[in-house]
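Chain by chain, the residues run as shown.
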Amino acid sequence: MGPPGEPGRAEGPTDPRRCLLCFPRRWGRRGGAARSRDRAAGRSGGSCPRRAGLRGSCGQRGRPGAIPIPLGSCPTEGDGQSPPPAGPYPLLSPARRSPSAWQPRRPPQPVFQPCASSAVTASCCGALFAVQLISELERGETSPPEESGLAGGRAGGRGEHSCAAGPRRAPLPAAPRPQVQGAGTRQLERAGWSLHFKLPAGREPRLGAGPGARRRGRMARWLRPLVGALLLLEGAAALSFLHHRYEELVQALFRVQSQCPYVTRIYSIGRSVEGRHLYVLEFSDYPGIHEPLEPEFKYVGNMHGNEVLGRELLLQLSEFLCEEYRRGNERITRLIHDTRIHIMPSMNPDGYEVAAKQGPDSNGYLTGRNNANGVDLNRNFPDLNTLMYYSREISGPNHHIPLPDNWKSQVEPETLAVIQWISSYNFVLSANLHGGAVVANYPYDKSQDQRFRSHRRTVNTPTPDDKLFQKLAKTYSYAHSWMHRGWNCGDYFADGITNGASWYSLSKGMQDFNYLYTNCFEITLELSCNKFPPEEDLERQWMANREALVAFIEEVHQGIKGMVSDENNNGIAGAVISVQGISHDITSGDMGDYFRLLLPGTYTVTASAEGYQPLTVTTTVGPAAPSLVHFQLKQEVVRKPAERKASSTRMNKALQKKVVPRATRRGTQR
């Protein structure tokens, strides 16, 4: 690489995260102060070449009259394989940084926010271009286009000014958002716009002195409506409070992934009856990789197709996590770095399309609830409660209850995909988002005595972790704006929580299946009285649930966790972790790491595995972070059965008894 400023050379290696918006070096006559600022910002030379791996360009290759300015997340397209740069990016862990990577410089004032929510390249880059031009016109550092030869998108006929098109890459770190004056501030913030500039309130902008001051003022006033129009176009692409059909949902997920490519991943766990993908968006500092001692968390929405609020809330949560991570929010950054979060906005996309055709006004109470085969997915999981109740009577297993032999033929494609999904990941905590009530529901859902169901009677059916489940449900309820009040939708639930079977008995539900078949502790969140709320109510619902959604994810970091290994520090998969006094065990994952949610207190914990001697320890769990408890198990000594000389002696004696003189035998026969 040539030195910075050498014409026709790039200033650093190929960087898919850097958007180059190229301006001519001379828009007019620039003073010495402006040139000093250029040199201080590293813009004294350079070029805007067509970089390797990028489609499109900002100007022409090797044109020495262009200034590369990193502008955040205006979309560029690369091969996706170039290593991300080091420097001030909060997205990268130290293991991913290269000492020789290009260190980006921040652009000079005014500081622009990256286009955080836009998928429209032209609006993003065009608005940045216009705001930069307005700013320099007002400072008197730039001449109008007719003076500098900049007209019709050309700089002195030396090439068009364009910004590379393609999918968005990760942005430069965002500067603190400036305050925006005017009546449109709330609308800008609500739409997620992140490109702002501030003019002095109550007076005209101060223009530079000189013979072109009046002309520069006219130019600045002419550009402001252009900026407004471009911002409207940019805001239209942002995730707004609207109902999203399947295609729009997919676009929203991929837009979030393109905005935060280094901490997100999209994957599909299967297809619905009608062939729609069941997409999951993952947040992690190492997407696609399970890190030892990093717990797995999941949200599942829209299990019933006509209960749509959870679907929209999870889309908003995805956008929120990405934006706050890019802004350097310490809480969100720590959450993403310490947790592997999986978000499935819709488990029943076929049912949603049926409900969406009716619309929120004329939607029937059951229209679109089931999948395309007319099956309620929350009554479609294998019934492990009956097996558990019977097993408890005969002191059988209390966890990871085996499935029936013919279970695959009894479930729907969506249910099968979810069962295989939760079997592949060692999920620790989960929530299933529903609608029709406002309450946090915890296991068990099915009563032990099903006779109560026919008589419309209910009975509280707690799990061995009942107090823990109550605490998890209260965490969401009290973080919600009104769930904890109890009176909602004509029903009363103390503290906004309820045991599922105490409300009504439900067989073959998903939350009981998670608890009995996996290590996952799942609750069901009923979030709205209206199953299909109107669009004007979505923003209020998001604000009511935003803190609760984040706080519930943080609950995965409690209890104890650690590694179960052998004497050579090799992880032992499938080791059983038992807590004295709680008749529900969990198992270690493929790498030997385990996670056991517990309330604060002192516990006696035992780790056991086949072929190893069990190990028991006593530990204290605090209210903040989980306690680290590691187990190193010793192999059982297999003793070979020793040769028994006594038995061989007895055998010889028996043979000796048979060998007797004939005379004696004859005497005996007598």
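This text follows the structure it describes.
It should be emphasised that the depicted structure is a prediction, and the values quoted were computed from it without experimental measurement. (Residues numbered from 1 in each chain as written. Predicted model: local features only at pLDDT ≥ 70, side-chain atom pairs only at ≥ 80, totals over all residues. Heavy atoms only, no water.)

### A look at unusual backbone geometry
With glycine set apart, most residues show a phi of negative sign, and most peptide bonds adopt trans. Under the convention used in this document: Each helix corresponds to a stretch of at least 4 residues labelled H or I by DSSP, and each strand to a stretch of at least 2 residues labelled E; elements are numbered beginning at the N terminus. Burial classification: accessible surface area is computed with a 1.4 Å probe over protein chains only, and a residue below 20% of its type maximum counts as buried, one above 50% as exposed, and the rest as partly exposed.
In this chain, Pro443 is followed by Tyr444 through a cis amide linkage whose omega measures -5°. For Tyr444, the position within the fold is in the loop between β10 (437–442) and α12 (451–454). The phi dihedral of Asn569 is positive, around 65°, even though this residue is not glycine. Examined against the element boundaries, Asn569 turns out to sit in the loop between β15 (560–565) and β16 (576–579). Here Asn569 falls in the exposed class, since its relative accessible area comes to 58%.

### Some thoughts on the pairing of strand β8 (residues 340–344)
Definition in use: Strands are labelled as partners when DSSP assigns at least two bridges between them.
The element β8 is extensively covered by neighbouring structure, given that five of its five residues are classed as buried. With burial as the criterion, each face of β8 is covered, one bearing Arg340, His342 and Met344 and the other bearing Ile341 and Ile343. Relative to β8, strand β6 (residues 277–283) is paired through three bridges, and the arrangement is antiparallel. Note that in β8 the partner of Leu281 across the bridge is Ile343. As judged from the five bridges shared by strand β7 (residues 296–301) and β8, these two strands associate in the parallel manner. Looking at β8, one finds that Glu296 is bridged to Arg340.

### Quick notes on the nonpolar core
Put simply, the rule is: We call a set of buried Ala, Val, Leu, Ile, Met, Phe, Trp, Tyr and Cys residues a nonpolar core when their side-chain atoms join them within 4.5 Å. Residue contacts are counted whenever heavy atoms from the two residues lie within 4.5 Å of one another.
Ranked by size, the top nonpolar core spans 108 residues in total, and within it Tyr299, Leu317 and Trp421 carry the most contacts. Among the elements that make up this core, the one with the highest residue count is helix α7 (residues 309–326) (nine residues). Ignoring any residue separated from it by four or fewer positions in sequence, one finds Tyr299 in contact with Leu314, Leu317, His342, Ile343, Met344, Ala431, Leu433, Tyr476, Ala548, Leu549, Phe552 and Ile553. If you look at the next biggest cluster of nonpolar residues, it comprises five residues, including Val308, Tyr352, Ala356 and Phe532.

### A closer look at the packing of aromatic side chains
The following threshold applies: In this scheme Phe, Tyr and Trp rings, the latter by its six-membered ring, pair at centre separations within 6.5 Å, and the angle between planes marks the pair as stacked below 30 degrees, edge-to-face above 60, and tilted otherwise. Look at NZ for Lys and CZ for Arg. If either is within 6 Å of the ring centre and within 35 degrees of the ring normal, a charge sits over the ring.
Overall, the coordinates contain 21 aromatic pairs when judged by the stated rule. Ring plane angle 75° and centroid distance 5.2 Å describe the contact between Trp421 and Phe427, whose orientation is recorded as edge-to-face. In terms of burial, Trp421 and Phe427 fall into one category: buried. Among the aromatic side chains, those forming a connected cluster through ring pairs are Tyr389, Tyr444, Phe469, Tyr515 and Phe521. It is Lys298 that lies over the ring of Phe427; its NZ or CZ is 5.6 Å from the centre. Lying across the ring of Tyr352, Arg311 places its NZ or CZ 3.6 Å from the centre.

### Looking at the sheet that holds strand β5 (residues 264–271)
The criterion, for reference: Working convention: axes come from line fits to C-alpha atoms, limited for helices to the stretch in contact. Angles between N-to-C directions cover 0 to 180 degrees.
If you trace the eight strands from one edge of the open sheet to the other, you get β5-β6-β8-β7-β9-β14-β10-β13, paired in mixed fashion. Because the sheet does not close on itself, it has two edges, and the strands there are β5 and β13 (497–499). The mean angle between the axes of side-by-side strands here comes to 25°, regardless of whether they run parallel or antiparallel. Where helix α11 (residues 413–424) meets the sheet, it contacts β5, β6, β7, β8 and β9 (427–434), and its direction lies at approximately 130° from that of β5. On the sheet, helix α13 (residues 466–479) packs against β7, β9, β10, β13 and β14 (521–528) and is oriented at approximately 35° with respect to β14.

### Description of the state of the cysteines
Heads up, the condition is: The disulfide criterion is simple: two cysteine sulfur atoms within 2.5 Å.
If you walk through the whole model with that rule in mind, you get two disulfides. Disulfide partner of Cys260: Cys322, at an S-S distance of 2.0 Å. Residues Cys260 and Cys322 are joined through a disulfide that is right-handed, its torsion about the S-S bond being 95°. Linking Cys260 in the loop between α6 (246–259) and β5 with Cys322 in helix α7, this pair joins segments that are 62 residues apart in sequence. Summarising the burial analysis for this pair, Cys260 and Cys322 share the class buried.

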